[in-house]
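Topology and contacts: notes
Spelled out from the first residue to the last, the chains are:
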Amino acid sequence: MTKLNLELLIKLNMKSDIILAGVGGQGILSIATALGEAALADGLLIKQAETHGMSQRGGAVYSHMRISDQPISSDLIPGGSADLILSVEPMESLRYLPYLSETGYLVTNITPFVNIPNYPDIELVLAEIRKLPRFIAIDADSIAKEVGSSRASNMVMLGAASPFIDIEFSKIENGIRTIFERKGEAVVNMNLEALRRGRAFAEENR
Amino acid sequence: MQKHLFLGVEAIGQGAIDGGMSGVYAYPGTPSTEITEFIQDHPLAEERNIHRKWSANEKTAFETALGMSYAGKRAMSCMKHVGLNVAADAFVNAAMTGVNGGLILTVADDPSMHSSQNEQDSRFYGKFAMVPILEPSSQQEAYDMAREGFALSELTKVPVMLRITTRMAHSRAGVVCSEVLDENKLSMPADPRQFILLPAIARRKYKELLQSQDLFLKLSEESKYNRYEEGEDTSLGIVACGIAYNYLMEHYPNGTCPFPVVKISQYPLPEKLIKRLNHECDELLILEEGAPMVEESLKGFFANGTPVKGRLDGTLPRDGELNPDLIAKALGKEFFKGYEIPEVVANRPPALCQGCGHQDAYVAMNEALADYTKGRVFSDIGCYTLGALPPYETIYSCVDMGASITMAKGAADAGLIPAVAMIGDSTFAHSGITGLLDAVNEKSSITIVISDNESVSMTGGQDSSALGKIESICIGVGVDPAHIHTIVPLRKNHEEMVRLFREEFAYEGVSVIIPRRECIQRASSRKRNQK
């Protein structure tokens, strides 16, 4: 085994480097919070860099989320090394491709968020996504509506990404329980259902 | 010990509370805002009644913190880098007066200008004032430095600067908290004339400050935040400051860095560690977030010592924040560069929210300005700065807090009449009032639009210190009440707004128009909280 492959293997076993992407106001940080809770419960270490400030006004926002069982140095993920791009918006998923590793997955919602006059033809965006060797393109908004609320679409996305994150699924479910606890059992169950539907889609389409 | 997942800014807030702080004084500014917000929401801050209300600007914030220090208690003042320009007079002179209770200035720099108009490096201010600077490389250090910084300030008898950058401010990591310290009791300064900077006393105080430099250096050399890390390959020695240390170590996990490294998180620069590195290594590489401050001083004017690489010789970019990739490149490491961004991806710049009152104000202003030549609207710092972008393109300046009014006055003085200032309510309270006074005193032909959304919105909807006071401030400063108008910026009032703008643009004197409607973000979060 070459040195590069060995390094890659160590990385895959120990670390999930995730780029979360979306548009300011879409709530990508709720995904980060659920994952963070799950990782903490799993005894893992986390670093997570967020976007605050000006770009939150409808601009492109992202978060670098790093989970590992080893100490993490950099708050930012190095280029070409993210295991996963998890995007709640299709065009935004492509903006961070320079971070994706050779073995990484791109998991994205396919519903565009159009708040600029020059938003490209969605078919062209989806065509670019389909060029990638490993991707999941999911209609999270429709699935969220089916389970009860379009607001659960971020949890559909987290579910769709969950097969590619080295955290036990039950821990992610518990993370969701923790963050939605205050809103009552019905909201918890709806978000858990959203999570499971997302995961099922990814398992069928990977 | 329980581990908390804290943003760097939250770690500082928690550290300050645990360090026995009695008051935080701040004006919101990305990336520093959440330090104060975290303290405002903290149960122990409430229990101890720690001061935690927003100040009108960074200068009033820092001065008030200095007053609390005078009275013997521990205080922190927080601001973004450009806020320190506003507070600089107070800060630099506080190094002269010295402190009684521990005083920390936390300043958050924004290299790459994610939410700022420049990327100035606050360490220059710390060096300029000749005080110790702390620069954490991890959230844990940020916590520890905030908690222990008060004691350092009391030991050195000067304010201590805690300098962070955007990525430290807004990145989360596990932090273990230490024992909560008691607050200081009220006490008067040991030297009753310490705070009187009359020249005779100031000259004595300045000598004291100069003499203290040896102590500051010794503390840096012995600091647990600075260290020399051995390395076998002495072809290169690396100086890594603050968060740059993390980007370096990303490439050498588990202590595998072959080169000797000096980690710097406390200034003045620890001479002994750096001299040793210089002695042992053939070349030096300097990694620092912000300006090449350390690099410049190590390189020297003639650059005739050990070769120094960094931002000045092109090994690293001269501007912008660092990241692991730039450092990999500087070290000559190969890495997979990921996939290219497809051409189909369009830019998505920030924009005014749908339904925002600034939008209605701009649409009406554009219509009323259509009869004049372009380039007459001077603006300021806030959400409304986005009025520079399509579809509005109304404004022609954004320089510093309050500059809209004064620049409009200067342009009017030059003959550009009418000239218009577009400023928000909080920015007006921060630095607009004195400029308005200048304009009133000279009866300048300017129209000031105070677009009042009743909050500090760009930073997340904090309370504006001018809330409910804008008309009375304008009247008090001397604006003719007949030329102060308030209107609700809604589409249904468009014609009325255009008429008002036209009338006042034509008036030869100071007029103020206040389009007032609550920020829609703040309104919706207020409604959510009421539920």
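Predicted model, so just to flag it, every value in this text is computed and none were measured.

Parameters and conventions
- Residues numbered from 1 in each chain as written.
- Chains lettered and ligands numbered in written order.
- Predicted model: local features only at pLDDT ≥ 70, side-chain atom pairs only at ≥ 80, totals over all residues.
- Heavy atoms only, no water.
- Pairing = 2+ DSSP bridges.
- Helix = DSSP H or I, 4+ residues; strand = E, 2+ residues; numbered from the N terminus.
- Contact = heavy atoms within 4.5 Å.
- Buried area = accessible area lost by both parts, 1.4 Å probe.
- Salt bridge = Lys/Arg side-chain N within 4 Å of Asp/Glu carboxyl O.
- Polar contact = N/O pair within 3.5 Å; in protein donor to acceptor, adjacent residues only side chain to side chain.
- Nonpolar A, V, L, I, M, F, W, Y, C, P; charged D, E, K, R; others polar.
- Buried < 20%, exposed > 50% of the residue type's maximum accessible area, 1.4 Å probe, protein only.
- Patch = residues over 30% accessible without salt bridge, like charges linked within 9 Å, V, L, I, M, F, W, Y side chains within 5 Å.
- Areas by Shrake-Rupley, 256 points an atom, 1.4 Å probe, with all protein chains shown as cover.
- Lys, Arg positive; Asp, Glu negative; His and termini not counted.
- Charge placed at Lys NZ, Arg CZ, Asp CG, Glu CD.
- Domains from an automatic or database assignment.

1. A closer look at the sheet that holds strand E10 (residues 261–264) of chain B
One open sheet holds the five strands; their spatial order is E8-E10-E9-E12-E13 (chain B), and the pairing between them is mixed. Each edge of the open sheet carries a strand with a single partner, namely strand E8 (227–229) and strand E13 (308–309) of chain B.

2. Topic: the interface of chain B and chain A
Across the boundary between the two partners, chain B contributes 47 residues, which contact 49 residues of chain A. Ranking the residues of chain B by area buried against chain A places Tyr339, Val344 and Arg348 of chain B at the top, with a combined share of 22%. Linking chain B to chain A there are five salt bridges. Linking chain B with chain A are 19 residue pairs in polar contact (both at pLDDT 80 or more), by the criterion used here. Those elements giving two or more residues to the side of chain B that touches chain A turn out to be strand E1 (3–7), strand E7 (171–176), helix H10 (244–249) and helix H13 (324–330) of chain B. Top contributing element to the side of chain B that touches chain A by residue count: E7 of chain B, with four residues. Of the residues contributing to the side of chain B that touches chain A, the split by class is 23 nonpolar, 15 polar and nine charged.

3. Let's talk about the pattern of salt bridges
All names here are of chain A. Scanning all chains against the criterion turns up 48 salt bridges over all chains. Across the pair Arg199 and Glu203 runs a salt bridge whose closest N-O atoms are separated by 3.7 Å. Linking Arg199 with Glu203, this pair stays in helix H8 (residues 185–205), spanning four residues, or about one helical turn. Residue class for Glu203 comes out partly exposed when judged on its relative accessible area of 39%.

4. Section: a positive patch on the surface
Together, Arg151, Arg182 and Lys183 of chain A together with Arg528 of chain B line one region of the surface with positive charge. Turning to its location among the elements, Arg151 of chain A is positioned in the loop between helix H5 (140–147) and helix H6 (153–161).

5. What about the domain arrangement of chain B?
Residues and elements named next belong to chain B. Entries for chain B in the domain assignment read domain 1 (3–222), domain 2 (227–330) and domain 3 (357–525). Computed over C-alpha atoms, the centres of domain 1 and domain 3 are 34 Å apart. With twelve residues of domain 1 in contact, the opposing surface of domain 3 contributes 14 residues. The contact between domain 1 and domain 3 buries some 880 Å² in all, and 54% of this surface belongs to carbon and sulfur atoms. Contact with domain 3 buries area across many residues of domain 1, yet Tyr27, Ala56 and Gln117 alone supply 46% of it, more than any other trio. Summed over the shared surface of domain 1 and domain 3, the number is zero salt bridges. At the junction of domain 1 with domain 3, the criterion picks out five residue pairs in polar contact (both at pLDDT 80 or more).

6. Re the environment of Asp480 of chain B
Residues and elements named next belong to chain B. Tracing the backbone shows Asp480 in the loop between helix H17 (470–477) and strand E17 (484–487). Classification of Asp480 by relative accessible area gives partly exposed; the value is 35%. Put simply, Asp480 and Leu269 are 211 residues apart on the chain and 56 Å apart in space, counted from C-alpha to C-alpha.

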